[in-house]
Structure formats: structure tokens, C-alpha cells
Amino acid sequence: MTAWQRTHYCGHLRAQDEGREVVLCGWVQRQRDLGNLLFIDLRDREGVVQLVFSSANSPLLEEARRLGLEDCLGVRGKVRRRAPHLCNPRLATGEIEVEVEELVVFNRAATPPFVVIDPPQASEELRYRYRYLDLRRPSMQRHLRLRHEAALTIRNFFHRQGFLEVETPFLTKSTPEGARDYLVPSRIYRGRFFALPQSPQLFKQILMVAGVERYFQIVRCFRDEDLRADRQPEFTQIDVEMSFVDQEQIFSLIEEMMAEVWTLIGIDLKTPFPRLSYKEAWARYGTDKPDLRINTTLEDLTHLVPRLGSQVLQRAVEAGGRVIGLCVPGGQAFSRSQLSQLTRRVQDWGAKGLIWVKKKDNGWQASLPLPQENIALLWQTAKAEEDSLLLLVAGPEKQAREIMGRLRLELCPPDPKLKDTFRCLWITDFPLFEWSEEENRLVSMHHPFTAPREEDLELLSDDALKVRAKAYDLVCNGYEIGGGSIRIHRQDLQEKIFDLLGLSPAEVEQKFGFFLEALRYGTPPHGGIALGFDRIVMLLAGESSIREVIPFPKTTSSLCLLTGAPSPVRPEQLRELGLILADKPPDEDEEA
């Protein structure tokens, strides 16, 4: 390879390199044969450059004609300017080309299953099966670079702020209080299992007990969750924990970090970020992760019901429900069939129906039989515009707001001019607990190590569902990209929370005994946050799926199509671990 040591990357060549002899290495992306001239686009990780083979060197031209797509090769040649009318403004190297004098084929490629080009020319499943080809696409190379640069920026930022990056174990104790753990059987201690961490939560709190004071880690985490469209069983998070801090200090630190990361794409992220309480977010947007690029908000119109004369609405309110409205800008153009489809959709989501109102001639048209003056009252109170469509849902408050929040996202998309705009905010004052109908008990809304607000401590014994947590989420453009809290640092309060969650003393000791023991030894007040690194890179890259910025993602059904994992193991491996399968595993063909 010494004779073929690369001198330049393809994408780095420019007009000022004219006349320079270069050695390039890469893959064949495209060929165009004009008879006495052959053009090949050579691609490497930095871009594409046009190679020229001419009949002046017939043996070389014939050799080049035998090249196929994705063949890996090296060339030696001279950079020359293209004629002005032959320049390609779509390429950074479009002003020049390389006249090839020598060629070496490092490795020929089988016929690729799809063309390696942007946008992708293959299904997601095919791309994941041949991910090594998919990753050759220029956009994927840019995503890998962006991911690297974001991680480097974050590490440098925390280093300057006096943080230590400390590695925490991957093989740890199973303490399921959220998603299911991935379990790893122990060969030495048969019948016992490690768990892959859903988060380094307990370890980072123990690091605070240990006096580390400022910890961070860009860390892999694992959750055996049910199938969800944009979740991965393994993912990367930015984990942060600090001692002797309050919520304000954490907000300030993370806002500064976010602003620095966003400079990678030339965006000046405005700080400080606005804040909304959990209750306010649900009231105005029908979600706790609102997209602030959408100006439309929900309207609670329940107070109008006694004046409207509608038995349908009155019965819903008497049953404890609310009437929630949404004005859809430009929605006046919705047809009857479109409105019927919307009605069926909200019924699928659990609503009994959907009420709509829109302007017609000098009055209003509505799906609910009401006098015109009563419709006018609704219209004016909801602040509807001339071309609006007013939608109403009546029912249990959480359900009604959630449904209207989903409609808000579907029917009121952000202005296309805001495509490259980022609106971040903090959601604060989450409930400490929520009631699980499935488990018939209180469960933690975040996790059981979250501290309650001091002014709500007296409610813990009598009205726990009203207790607010010192918890916060960071949201950007409708995506939750981080969540954290001030932690419980007193053993007695932590034991009280475990008791409210219905954990027996024996269960607490078995799962968390080591942690409670640590809290006895002068634990400082502390708090932190975990940020979804994959989601941050997704937003930076302008993608809508984290799978586009993860080098080797799993499918929505948690399969690795590249390697065929998960896969069966040999019977002797199971015997060595002391395991017996209760059910026959599926055939490998069935898994694929």
C-alpha cells in the first residue's frame, strides 16, 4: 500500500488544487461511458470527485470499463479544472476533475442489493440488513461525523466545568421499577442473574455519596420495552449528576451545554429556555412535551356549557368531564368526509365523538344542533378566525386534553419557515406519583429516587397523588430529550417513598439495601439529568427517527437484521448456564 498512500480525500479537492498530482482511494459510485471518454464518480467519506479516463490511454480506459458499482480502488492522476459550462454546482468538487494516469483495484464488489445514493433507494429492512452499504451514503457519513463531533463537544464542555467522566458497570443488579431489564445469566453462580443497566441511576447517586461531586458519562443503556416506533432496546444517554446544587443550577448548566452543541450546525440557541409546569403544559397543549413552533393552544370551554343548552355536553360535564376546544387555522376547507374521518379517529382514541364548527355564509355550520347565537358564543370565546375549524371533545379531562393535543400536532403543523428553528423548554413540577390501574397501586412518575417538593411533604401520608416532584424534563420541538430531578438524599424519606410504592421491607432490602446503607453515610444533597444523545443528534441532523443517526440500529421489533440477533444458542451453552428453555425457540428462518 505504500505506493498507494492517499494524498487527499475526494471531497477535499478544489479549484486551487489544479495541476496537483494526487492519489485517491474510494468506491465507485457512478459511471458514464461516452465512448472515447469514461467518467467515474469516486466516493470516500469526505465526498465525491469525478475521475476521467480517455482513449489517449486505451489499456487504462478498458480496465476502467470493467469496474462495477462499489468496487474499491485507488487512482493516481492530476487535478484539472472543468470547462465553465461543464461545472457541477451540486458538488463541492464540481469545478474540477481528476485525469487518471494509474489505477489499482483493491477489491471488486458483488452486485449491490441497492444503489448507494441519497436519498436511500431501498426499504428500511434492506438497508439494515446491508447496513455496511447504507452507511456509505454521504448523509450517513455526515451523521456519523456529527455524532462524533457532538460527543466530543459534550465531553470538552463538561471537562471545562470540572466534571469527571466515570464509567459505571454494565453487569449490575436487577431492580425493575420501570421497563423490563435485560437479564444476563451467571455461569459461576447458577440461578443468579446480572442485569444490563436501564440507567446508571443508583451508581451515579453513589458517586455523589463518594464525594465525586460532578460526574458525567456518555453511556449505553438497555431497556427491554414493548415494541415502539422510535425506541431502541439499546441507546446512548448523556448522564449528569452534581452535589450541592438546586434545580436552577442544573438548568443553567444544561442550557449552556445545549447552546454549545447547537453551534455545530450554526444555530444560536436562545437561552434561558422558557418553563411550563406539567399542569400548564397539559392545559395548553394536551401533552407534557409540547412543540412550541405551533402557536395554536387548547381552550377549556367547560364554563360555557350551562349557557349552550346542549344535553350532550351537559351530561359529559355532570359526569366530571371537560369540554376542550381547538381552533385549526385554515380548517374551514375541511370536507364532510374529512370531518367524518377525524371523528372516527378520535373515537378510536377513546372519545365518544367529535364536535365541529365552521363559518358558512353569514352564520355557522356545526355538527351539534345549537342556536346560532350559542354557536357564536363558542366561536368568539375560542378566539376562532374567519377561516378556522373549531373542534370540541367532551369527556374525562386527561383523555380530552390528550386527544386534542394529538389533533393539534396532526392538523396544525409548524410553519415550514420554522423548519430549522429549535424551540426548547423545561417542563417542571411533575406529580411525584401516578395511579396504576393495572397494578392497583401508586407508581413513580419518574423514578422512586426523585425528591418531593418540601411544601408538599405533609401530603405524603394523606394525599400522595397531590405531591409535586422536584423533577423536570427538557423538551425540544415536541421531543422529550432529557429528564432529571433533585434526588432524595435522606434514608428515612427514601424508605417512606418505597413504602408508599407498596414495596415490602424484605423487597426493599433485597433490591435496594446496598443503596439505603449508602444513604446513612453523610450523603450530600444532589441532583442531575439524563439526556437522550441519539435524539439530540437526530435533531441536529434534521432527521425524524433516531435510527437514522445510530450506526447499527435495531428494527421496531428489536431485531438486528445485519447479524440476525437475537439468535438461538447451542444446548451445551444453556446447560453450562444451568438453563432450560420452557418453550422451543423459533427457527432462525422464522426469526429473520
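Heads up: the structure comes first, above all this text.
What you see is a predicted model, and the numbers here were worked out from it, not measured in a lab.

Visitor: Which parts of the structure should I look at to understand the side chain of arginine 137?
Guide: Of note, arginine 137 is situated in the loop between helix 3 (131-134) and helix 4 (138-160). Its relative accessible area of 2% is what places arginine 137 among the buried residues. Non-local contacts of arginine 137, meaning those with residues more than four positions away in its chain, are made with Val116, Ile117, Asp118, Pro120, Arg127 and Glu548.

Visitor: Would you mind going over the nonpolar core with me for this structure?
Guide: In summary, soluble globular proteins display a tendency toward joint burial of nonpolar side chains. Judged by nonpolar contacts, the single largest core of 43 residues is most densely connected at Phe158, Val240, Ile254, Met258, Trp262 and Ile536. If one sorts the elements of this core by residue count, helix 6 (residues 247-262) sits on top with 9 residues. Residues within four places of methionine 258 in sequence aside, it is in contact with Leu269, Phe273, Cys424, Leu474, Ile481 and Ile536. Membership of the second largest hydrophobic core comes to 32 residues, among which are Trp282, Ile427, Phe498 and Leu519.

Visitor: Whenever I open this one, unusual backbone geometry confuses me. Can you help?
Guide: Excluding glycine, residues mostly carry a negative phi; peptide bonds, for their part, are mostly trans. The step from aspartate 118 to proline 119 runs through a cis peptide bond, and the omega angle for that step is -10°. Position of proline 119 among the secondary structure elements: in the loop between strand 5 (96-107) and helix 2 (124-129). Looking along the chain, the bond that leaves threonine 271 and enters proline 272 is cis, with omega of -5°. Relative to the elements of secondary structure, proline 272 occurs in the loop between helix 6 and strand 11 (275-277). A positive phi angle, close to 55°, is found at aspartate 361, a residue other than glycine. Residue aspartate 361 is classed as exposed on the basis of its relative accessible area of 69%. Positive phi, normally seen in glycine, also occurs at aspartate 429, with a value near 55°. Inspection of the secondary structure puts aspartate 429 in the loop between strand 17 (424-428) and strand 18 (433-436). Relative accessible area serves as the criterion here: at 24%, aspartate 429 is assigned to the partly exposed category.

Visitor: In this structure, what is going on with helix 4? I would like to understand it.
Guide: Within an α-helix, residues lying three or four positions from one another point in the same direction, as the helix has 3.6 residues per turn. Spanning 23 residues, helix 4 covers 33 Å between terminal C-alpha atoms, matching the ideal 33 Å at 1.5 Å per step. For helix 4, the secondary structure elements touched by its buried residues are helix 3, strand 9 (214-222), strand 10 (234-243), helix 6 and helix 15 (533-541). Looking one or two places after helix 4, you find glycine 162, whose phi comes out positive at around 85°.

Visitor: Just to check I follow, could you spell out the packing of helix 4 against helix 6 for this structure?
Guide: The packing of two helices is summarised by the inter-axis angle and the distance between the axes. At a minimum axis separation of 10 Å, helix 4 and helix 6 run at an interaxial angle of 140°. Overall, the two elements helix 4 and helix 6 adopt an arrangement that is oblique. Here helix 4 runs over helix 6; the crossing is right-handed. Where helix 4 abuts helix 6, its residues Thr153, Ile154, Phe157, Phe158 and Arg160 lie against Leu253, Ile254, Glu256, Met257, Glu260 and Val261.

Visitor: Is there a simple way to explain the sheet that holds strand 1 (residues 21-33) in this structure?
Guide: What links the strands of a sheet is backbone hydrogen bonding, and the strands pair in either a parallel or an antiparallel sense. Spatially, 5 strands are ordered 1-2-3-5-4 in a closed barrel, and the strand pairing comes out mixed. The mean inter-strand angle of the sheet, taken between neighbouring strand axes irrespective of direction, is 55°. Alignment of strand 4 (residues 72-81) against strand 5, held across 10 bridges, turns out to be antiparallel. Residue pairing in the sheet places lysine 78 in a bridge with glutamate 99 of strand 5. Each of strand 1, strand 2 (37-44), strand 3 (47-54) and strand 5 touches helix 1 (residues 58-65); the most contacted strand, strand 5, lies at about 65° to it.

Visitor: Just to check I follow, could you spell out the environment of alanine 530 for this structure?
Guide: Here alanine 530 shows up in strand 22 (residues 526-532). With 46 residues separating them along the chain, alanine 530 and glycine 484 place their C-alpha atoms 6.1 Å apart. Once residues within four sequence positions are removed from consideration, alanine 530 is found in contact with Gln237, Ile238, Asp239, Ile481, Gly482 and Gly483.

Rules used in this analysis
- Residues numbered from 1 in each chain as written.
- Predicted model: local features only at pLDDT ≥ 70, side-chain atom pairs only at ≥ 80, totals over all residues.
- Heavy atoms only, no water.
- Helix = DSSP H or I, 4+ residues; strand = E, 2+ residues; numbered from the N terminus.
- Buried < 20%, exposed > 50% of the residue type's maximum accessible area, 1.4 Å probe, protein only.
- Contact = heavy atoms within 4.5 Å.
- Core = buried A, V, L, I, M, F, W, Y, C linked by side-chain atoms within 4.5 Å.
- Expected span 1.5 Å × (residues − 1).
- Axes fitted to C-alpha atoms, helices over the stretch in contact; angles between N-to-C directions.
- Parallel < 35°, antiparallel > 145°, perpendicular 65-115°, else oblique.
- Left-handed = near helix turned anticlockwise from the far one by under 90°.
- Pairing = 2+ DSSP bridges.

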